[in-house]
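# Tertiary structure, described
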Amino acid sequence: MTPARSLRVWDPLVRALHWSLAMAVAVTWLSTLRVGIPLAWHEPAGYVAIGCIAMRLVWGVYGTRYARFRQFVRRPSTTLRYAQAVRQGRAPRHIGHNPLGGWMVLTLLASTAAIAVSGWLQTTDRYWGSETLEWVHTGLAWSLLGLIFLHVLGVIVTSRHHGENLVLAMLDGRKAPASGNDVA
């Protein structure tokens, strides 16, 4: 039986930015594959992505409790211990992001920002037609796909381990309250 989901964890802005960024990344990828989304949407979607990242960075400092980076970005030693607990099947449940999830948030934001900046630089006079920058932009984009795969895998593993639907929690913002060994 799944525990009742009554604790508000992720606020509407965090959720809107999460899903907007996911959609912007999807549009940029699909536009390059030319499968139903015109290539002309690639650049505007990149600007939406960087706008989402900028807003998330501000909200990560000034936002609600579970939106703040200081709430979920842990020291590397803490994150390593958590990763070991995951491998051993005894990782504690976290109300917000767990330590691995916290570092994944930062990694996804930084990677997507680097892709957006490298894409924007290609529109400037100085870097227009730069093959090196195009290679960097494309390499970062492929790396982002790998990170997204790891992110989704982490969500699935954590959801199964703790018996909760984290995708649904990111849609409505609610999770079961802390109990026992949970980390608030």
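Report follows, based on the coordinates. Remember, it's a predicted structure, so these values are computed and weren't measured experimentally.

Rules behind the numbers
Residues numbered from 1 in each chain as written. Predicted model: local features only at pLDDT ≥ 70, side-chain atom pairs only at ≥ 80, totals over all residues. Heavy atoms only, no water. Patch = residues over 30% accessible without salt bridge, like charges linked within 9 Å, V, L, I, M, F, W, Y side chains within 5 Å. Areas by Shrake-Rupley, 256 points an atom, 1.4 Å probe, with all protein chains shown as cover. Salt bridge = Lys/Arg side-chain N within 4 Å of Asp/Glu carboxyl O. Helix = DSSP H or I, 4+ residues; strand = E, 2+ residues; numbered from the N terminus. Buried < 20%, exposed > 50% of the residue type's maximum accessible area, 1.4 Å probe, protein only. Expected span 1.5 Å × (residues − 1). Arc of directions from axis to C-beta. Contact = heavy atoms within 4.5 Å.

Before going further, it helps to spend a moment on a nonpolar patch on the surface. Among the surface-exposed residues, Val86, Leu100, Phe149, Leu150, Leu153 and Val157 lie close enough to one another that they form a single nonpolar patch of about 500 Å² accessible area. Among the elements that make up the nonpolar patch, the one with the highest residue count is helix 6 (residues 131-162) (4 residues). With respect to the element layout, Val157 can be found in helix 6. Taking relative accessible area as the criterion, Val157 reaches 41% and is therefore assigned partly exposed.

So, about helix 4 (residues 76-87). The end-to-end C-alpha separation of helix 4 is 16 Å, in line with the 16 Å expected for 12 residues at 1.5 Å each. All buried positions along helix 4 are accounted for by Thr79, Tyr82 and Ala85. Along the axis of helix 4, the buried positions cluster into a sector of 115°, meaning they face one direction only. With respect to the buried face of helix 4, the exposed residues turned more than 90 degrees away are Pro76, Leu80, Arg81 and Arg87. Summarising the contacts, the buried residues of helix 4 are in contact with helix 5 (99-121). Gly89 sits one or two residues past helix 4 and shows a positive phi near 75°.

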